[in-house]
Amino acid sequence: MKRVQVIDSHTGGEPTRIVISGGPDLGGGSVADQLVVFRDQHDRFRSAVVNEPRGSDVLVGALLCPPADKSCVTGVLFFNNVGVLAMCGHGTIGLVVTLAHLGRIGPGEHRIESCVGVVTATLHADGSVSVANVPSYRKVKATTVDVPGFGQISGDLAWGGNWFFLVENHGLPLDLKNVEQLTDVSWRIRQAVNSQGFPEVDHVELFGPPQSGGDSRNFVLCPGKAYDRSPCGTGTSAKLACLAADGKLAEGADWIQESILGTKFTGRFRWLDRAKGEIAPIVAGTASVNSEATLLLDDKDPFCWGIR
């Protein structure tokens, strides 16, 4: 019987399960190195933590690991129902709130090593968190793909810690009651984008008018076909890169991004390289810890390692 200690939280409605003890030995090195070991040798542990019967398709997991960069308070690996994630904005906010809950950090700036680089997160006195995410940029503007059963769709390809295809003119209402259609269309868009020149894209982001006082509302489909309940931190970073490239948002100005639930992140950016369209995004939001638990992994359980 193996015991795994976890703390659950949600950021704007999107859950994060952080493994604080009982995870596999990944051999040290950089977080990027440890990610390779985790992906290639411990995938059943990933499945056990986030998949049914202990988890669900929407749950994002995070494994604390030792950072190679000793200026960092921790290293972290993110994963979901189908595999590892390069970066996770909502998960980083949840991580910071969890570390504060454990008494490991207090208000102030904290460096965190991810597999795509070091990010700086600030825990504010009111409990909110702002994340200085990895450099973000738009790779392709307004490329068009043919989506079977839906027609031609034009969107931007951008990096915000994960690869996104961002679509504004889709004609669909971004309402919670419309989630099934949004999921179906977004999945078709992703398959079309992957097959028509951009296999790296694993997130699709649909935009529409705000409904809760923000600047825009989004629907984000994640790699495992679950939709993001939060406004998506890496997705907001990708959106900021597109806005910056188009001259639609001034450096340092706030952009309030709504999720499909109406929860909000506030984003802003500074330029890193105007010629390359590269920005440094900052995304701010709140998270709440809602559970402390011990997962029991027993090989006699036929679904010990998750349903997959």
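Right above here is the structure, for reference.
Residues numbered from 1 in each chain as written. Predicted model: local features only at pLDDT ≥ 70, side-chain atom pairs only at ≥ 80, totals over all residues. Heavy atoms only, no water.

1. Observations regarding the overall build of the protein
To be explicit about the condition: Numbering of helices and strands starts at the N terminus; helices are DSSP runs of H or I of at least 4 residues and strands are runs of E of at least 2. As defined in this context, the radius of gyration uses C-alpha atoms, and a globule is described by 2.2 Å times the residue total to the power 0.38. For each residue, the accessible area found with a 1.4 Å probe, counting protein chains only, is set against the maximum for its type, and the residue is called buried under 20%, exposed over 50%, and partly exposed in between. Whether two residues are in contact is decided by their heavy atoms, any of which lying within 4.5 Å being enough. Under the convention used here, a 1.4 Å probe and the Shrake-Rupley method define accessible areas, while residue burial counts only the protein chains that appear.
Within the protein, the secondary structure is distributed over 5 helices and 17 strands. What you see for the protein is a C-alpha radius of gyration of 19 Å, in line with the 19 Å of a compact globule of 308 residues. In terms of overall dimensions, the protein has a C-alpha envelope of 50 × 45 × 35 Å along the principal axes. Here the protein holds 308 residues, and the buried ones make up 55% of them. Here the analysis covers contacts within the protein between residues at least 6 apart in sequence; of these, 62% occur between residues at least 24 apart. Only carbon and sulfur atoms are counted for the fraction: they give 48% of the accessible area of the protein, which is about 12,500 Å².

2. Side note on unusual backbone geometry
The general pattern is negative phi for most residues beyond glycine and trans for most peptide bonds. At the junction of Glu52 and Pro53, the peptide bond is cis and its omega measures out at 10° in the coordinates. Non-glycine residue Lys225 carries a positive phi angle of around 80°. With respect to the secondary-structure elements, Lys225 resides in the loop between β13 (216-221) and α5 (233-245). Its identity is not glycine, yet Cys232 carries a phi of approximately 75°, on the positive side. Assignment of secondary structure puts Cys232 in the loop between β13 and α5.

3. Structural notes on the packing of aromatic side chains
Stated precisely, the cut-off is as follows: Pairing of aromatic rings covers Phe, Tyr and Trp, the last through its six-membered ring, and needs centres within 6.5 Å; plane angles under 30 degrees mean stacked, over 60 mean edge-to-face, and all others mean tilted. Charge over a ring is defined by NZ of Lys or CZ of Arg lying within 6 Å of the ring centre and within 35 degrees of the ring normal.
Across all of its chains, the model carries 6 aromatic pairs by this definition. Seen from their ring centres, Phe38 and Phe45 are 6.5 Å apart, and the 80° between their planes marks the pair as edge-to-face. Overall, the relative accessible area of 1% leaves Phe38 in the buried class. Residue class for Phe45 comes out buried when judged on its relative accessible area of 5%. On the basis of an interplanar angle of 85° and a centroid distance of 5.5 Å, the ring pair of Phe269 and Trp271 is categorised as edge-to-face. Here Arg44 stacks its cationic end above the ring of Trp305, 3.9 Å away from the centre of that ring. Lying over the aromatic face of Tyr227, Arg229 brings its terminal NZ or CZ to 3.8 Å of the ring centre.

4. What about the pairing of strand β6 (residues 108-114)?
The criterion, for reference: Between any two strands, pairing holds if DSSP finds at least two bridges.
Taken together, the 2 bridges between strand β4 (residues 74-79) and β6 define a ladder with parallel strand orientation. Its bridge partner lying in β6, Gly75 is registered against Glu113. Inspection of the sheet shows β6 paired to strand β7 (residues 117-123) by 7 bridges, in the antiparallel sense. Considered in β7, the bridge of Glu113 is made with Val118. The hairpin turn running from β6 into β7, its antiparallel successor, is 2 residues long.

5. As for helix α2 (residues 43-50)
With 6 of its 8 residues buried, α2 lies for the most part within the structure. Every buried residue of α2 is accounted for by Phe45, Arg46, Ser47, Ala48, Val49 and Val50.

6. Comments concerning helix α4 (residues 179-195)
Note the threshold: To estimate how far a helix should reach, multiply one less than its number of residues by 1.5 Å.
A rise of 1.5 Å per residue sets the reference length of α4, with its 17 residues, at 24 Å; its end C-alpha atoms lie 24 Å apart and thus fit the reference within 8%. Elements in contact with the buried residues of α4: β9 (137-147), β10 (151-159), β11 (163-167), β12 (203-208) and β13. Gly197 occupies a position one or two residues after α4 and carries a positive phi of about 120°.

7. A closer look at the packing of helix α1 (residues 31-41) against α2
Heads up, the condition is: All axes here are fitted lines through C-alpha atoms, helices being fitted over the stretch that makes contact, and every angle between N-to-C directions spans 0 to 180 degrees. In this scheme, roughly parallel covers angles under 35 degrees and roughly antiparallel covers those over 145, while 65 to 115 is roughly perpendicular and the rest are oblique. Amino acids are sorted into nonpolar (Ala, Val, Leu, Ile, Met, Phe, Trp, Tyr, Cys and Pro), charged (Asp, Glu, Lys and Arg) and polar (every other residue, Gly among them).
Their axes nearest at 5 Å, the elements α1 and α2 cross at an angle of 80°. Judged by the angle between their axes, α1 and α2 are roughly perpendicular. On the side of α1, the interface is formed by Phe38, Arg39 and Gln41, while α2 contributes Asp43, Phe45 and Arg46. Its residues assigned to classes, the contact of α1 with α2 comprises 2 nonpolar, 1 polar and 3 charged.

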